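Analysis of the macromolecular model
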Amino acid sequence: MGDGAETPVDPEDLVVEGCRMPVKMANADEWPLAEILSRKEVENRTIFYVHFIDYNKRLDEWVERDRLDIDKMQLPKKDAKTPVKDSAVSKGNCSSNSRASSPDREMSNGTPNFNIHRPKSNIGRKRKLPMNDTGPPPPSMNNITGIPMVDNAPSPVTTPLSISPTPLSQGQSLLPSYTQSTPDFCSSQTSQPQQEPVAAHQPRQTGSMATDKTHDDIITRMKNISMIELGRHRIRPWYFAPYPVELTICPVIFLCEFCLKYVKSRKCLERHKEKCNLRHPPGNEIYRKSNISFFEIDGRKNKSYSQKLCLLAKLFLDHKTLYYDTDPFLFYVMTEYDNRGFHIVGYFSKEKESTEDYNVACILTLPPYQRKGFGKLLIEFSYVLSQFEGKTGSPEKPLSDLGLLSYRSYWSQTILETILKLHKSAESERPQITINEICETTSIRKEDVISTLQHLNLINYYKGQYIVTLSPEVIDGQEKAMTKRKIRIDPKCLHWNPKDWSKRGKW
Ligand code: ACO
Ligand code: ZN
């Protein structure tokens, strides 16, 4: 007989941060490998925060034990380091509900985390708005190009091109510094964002805001806001955003849809609405056609709004810097008008001066409006601005998975539209166009034109010349895709003159 009594161990107790095992995905009978990022007790049961290894972070969620395949659990690697809280955290500047697992482990899981630093030469006065990773999209995102191939279409179109492919360049990503104090989120004092004074006390004179990836992972790995209410919409956030920690315990946070002020309850919002007389974003309305308007907002002149917009956008943009220093940026907010006002649909930000000729820093369609063509409308608008500037432009890299899908689709449709227009108007069967002419017509940067043609597999080398050959399927697909593009930007409705910011002493 042994002397000690053996107590059976509940396997659930062995499930700790860093363990991996198959986990059932929501609304699907799939069990991909996932990593446990955190666990907590809620009403006497344990729930686990999981990250699906090969999927975008927006699918991360809290799950119950019945969704874990504990029998196939892999324990955390012995050498995996527990992240040390960095200075921002230890100073109390940032807060996360729970500790995240080691970034080293994430690095080894095959899901690259793009946090590319700006090359030295690009480091200027400004800070940039970095983008998401380009991790693989979830299974629902297979229709990548948006140009379906169909049969029974007209004869092929061939267009000779002069071409010299150049690889796409990579941008960089810089990380935030932010603070969280303890305001009363239902008082008149909250009309100014809590973060503003910090920016004022710590002006940053260089673009060297880059923080290492560890910082990013520890702070931002877990979603911290359960739900937001914005106008008529309730929206579940996708990623972490550094809203004040007091708000992270609220089941819903309430935003004024016009000034973007955030409060903890509906009652507070009602009180705010009695005082807030905005019915549209601040800044100048520079475009209106039908019920769609664009407002141009200067990040310096309307700092408070711009900061709140960045904060809201962070909920849906991974790895996006939160910059309290919004001075170097312009924000173009797209709205839909009805008798209650101009409701925000999405926006993009743009550097006042971009050394790389980026024409978009960050772009977002709010989730209730996604997949209705508004993303392409925002993209089209950004290229019309470039057209008015007499320049080509490109979005800042890296793009997010959804950003890449949208840009690829926009570029394909726009380039094909240009080539087909040329073909219709030309007398010759084989009209000629150069890559530069496509760039001039569309304002799409040369590298993006080339990569799109290559991606569509349209370029052939024939008798010493590069030729674009459009098969009947491609033409038919393009025509179908264009009939779906119901709303387009009408350059005649844009009332805007580009400013030469380099000639100004201050942005
Ligand atoms: N699944 C599959 N395809 C998608 C999806 C999706 N969830 N979302 C967009 N697409 C594709 C579609 O194929 C569509 O092309 P199609 O018309 O040829 O089919 C194309 O993207 C554009 O669709 P839109 O309806 O015009 O775009 P939407 O309004 O949904 O906005 C955006 C796209 C802005 C990328 C949106 O998904 C978003 O805000 N995402 C979160 C923030 C983000 O990732 N922004 C981009 C970061 S990169 C940067 O900022 C430079
Ligand atoms: Zn308001």
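Residues numbered from 1 in each chain as written. Chains lettered and ligands numbered in written order. Predicted model: local features only at pLDDT ≥ 70, side-chain atom pairs only at ≥ 80, totals over all residues. Heavy atoms only, no water.

Describing the overall build of the protein
Looking only at helices and strands, the protein has 11 helices and 18 strands in total. Expressed as a percentage of the 507 residues in the protein, the buried residues total 55%. Counted over contacts in the protein with a minimum sequence separation of 6, partners at least 24 positions apart contribute 71%. Just so you have it, the protein exposes about 23,500 Å², and 51% of that area is on carbon and sulfur atoms. (Helix = DSSP H or I, 4+ residues; strand = E, 2+ residues; numbered from the N terminus. Buried < 20%, exposed > 50% of the residue type's maximum accessible area, 1.4 Å probe, protein only. Contact = heavy atoms within 4.5 Å. Areas by Shrake-Rupley, 256 points an atom, 1.4 Å probe, with all protein chains shown as cover.)

With respect to the environment of Met25
Residue position: Met25 is located in the loop between strand 1 (20–22) and strand 2 (33–42). Considering only alpha carbons, one finds Met25 and Val63, 38 residues apart in sequence, at a separation of 9.3 Å. When near neighbours in sequence (up to four residues on either side) are disregarded, Met25 contacts Glu30, Pro32, Phe52, Tyr55, Leu59 and Arg67.

Comments concerning a positive patch on the surface
On the surface, Lys264, Lys267, Arg271 and Lys275 cluster together into a positively charged patch. Examined against the element boundaries, Lys275 turns out to sit in helix 5 (residues 266–275). Among the residues examined, Lys275 registers a relative accessible area of 54% and is labelled exposed. (Patch = residues over 30% accessible without salt bridge, like charges linked within 9 Å, V, L, I, M, F, W, Y side chains within 5 Å. Salt bridge = Lys/Arg side-chain N within 4 Å of Asp/Glu carboxyl O. Lys, Arg positive; Asp, Glu negative; His and termini not counted. Charge placed at Lys NZ, Arg CZ, Asp CG, Glu CD.)

Topic: the coordination of the zinc ion (ligand 2)
Taken together, the protein donors to the zinc ion (ligand 2) comprise Cys256 (SG), Cys259 (SG), His272 (NE2) and Cys276 (SG), at separations of 2.1 to 2.3 Å. The site at the zinc ion (ligand 2) holds 4 donor atoms, and with the angles between them running 96 to 121°, its shape is tetrahedral. Donor residues for the zinc ion (ligand 2) sit on one chain with the sequence pattern C-x2-C-x12-H-x3-C. Here Cys256, found in the loop between strand 8 (253–255) and strand 9 (262–263), pairs with Cys276, found in the loop between helix 5 and strand 10 (284–289); they are 20 residues apart in sequence, far enough to count as distant. Take Cys256: its relative accessible area is 4%, and that puts it in the buried class. Residue Cys276 is classed as buried on the basis of its relative accessible area of 11%. (Donors = N, O, S within 2.8 Å, 3.2 Å for Na, K, Ca; no water. Tetrahedral: all angles 85-135°; square planar, octahedral: opposite > 155°, others 65-115°.)

A closer look at the pairing of strand 3 (residues 45–52)
A large share of strand 3 lies buried, amounting to 7 of its 8 residues. Linking two consecutive strands that pair antiparallel, namely strand 2 and strand 3, is a turn of 2 residues; a positive phi of about 45° is found at Glu43 within it. (Pairing = 2+ DSSP bridges.)

So, the environment of Glu336
Looking at where Glu336 falls in the secondary structure, it is placed in strand 12 (residues 329–338). Taking relative accessible area as the criterion, Glu336 reaches 25% and is therefore assigned partly exposed.

Notes on the sheet that holds strand 12
If you walk across this open sheet you meet the 5 strands as 10-11-12-13-15, and the pairing is antiparallel. Edge positions in the sheet fall to strand 10 and strand 15 (363–365), since each has one partner strand and no second. Strand-to-strand twist in this sheet, taken as the mean axis angle between neighbours without regard to direction, amounts to 20°. Of the strands in this sheet, strand 11 (292–298), strand 12, strand 13 (341–351) and strand 15 touch helix 6 (residues 303–314), which is tilted by about 80° from strand 12. Strand contacts of helix 7 (residues 374–389): strand 10, strand 11, strand 12, strand 13 and strand 15, with the helix running at about 50° to strand 13, the strand carrying the most contacts. (Axes fitted to C-alpha atoms, helices over the stretch in contact; angles between N-to-C directions.)

Focus on the packing of helix 8 (residues 401–425) against helix 10 (residues 446–455)
Remark: helix 8 packs on helix 10, axes separated minimally by 10 Å, with the N-to-C direction vectors making an angle of 90°. Of the possible angle classes, the one that applies to helix 8 and helix 10 is roughly perpendicular. Of the residues in helix 10, those in contact with Arg408, Trp411, Ser412 and Ile415 of helix 8 are Asp448, Val449, Thr452, Leu453 and His455. Counted by class, the contact of helix 8 with helix 10 contains 4 nonpolar, 3 polar and 2 charged residues. (Parallel < 35°, antiparallel > 145°, perpendicular 65-115°, else oblique. Nonpolar A, V, L, I, M, F, W, Y, C, P; charged D, E, K, R; others polar.)

Re the sheet that holds strand 1
Taken in spatial order, the 4 strands of this open sheet run 1-2-3-4, and their pairing is antiparallel. Either end of the sheet is taken by a strand with one partner, and the two such strands are strand 1 and strand 4 (61–64). Within this sheet the neighbouring strands show an average axis-to-axis angle of 50°, counted without direction. One ladder, built from 4 bridges, connects strand 3 with strand 4; its direction is antiparallel. By the bridge assignment for strand 4, Tyr49 is matched with Trp62.

Some thoughts on the pattern of salt bridges
Going through the model one piece at a time under the given rule, you end up with 26 salt bridges. When the shortest N-O distance is used, the salt bridge between Arg45 and Glu64 registers 2.5 Å. Here Arg45, found in strand 3, pairs with Glu64, found in strand 4; they are 19 residues apart in sequence, far enough to count as distant. Glu64 sits in the partly exposed class, given a relative accessible area of 39%. Between Lys303 and Asp327 there is a salt bridge whose closest N-O contact spans 2.6 Å. Within this pair, whereas Lys303 is found in helix 6, its partner Asp327 is found in the loop between helix 6 and strand 12, the two being separated by 24 residues in sequence.

Some details on unusual backbone geometry
Glycine aside, residues mostly have negative phi angles, and peptide bonds mostly take the trans form. Between Lys397 and Pro398 the backbone carries a cis peptide bond, its omega angle lying at -5°. Residue placement: Pro398 occurs in the loop between strand 16 (394–395) and helix 8. For Asp357, which is not glycine, the phi dihedral falls at a positive 60°. Even without being a glycine, Asn457 presents a positive backbone phi close to 60°. With respect to the secondary-structure elements, Asn457 resides in the loop between helix 10 and strand 17 (459–462). Take Asn457: its relative accessible area is 64%, and that puts it in the exposed class.

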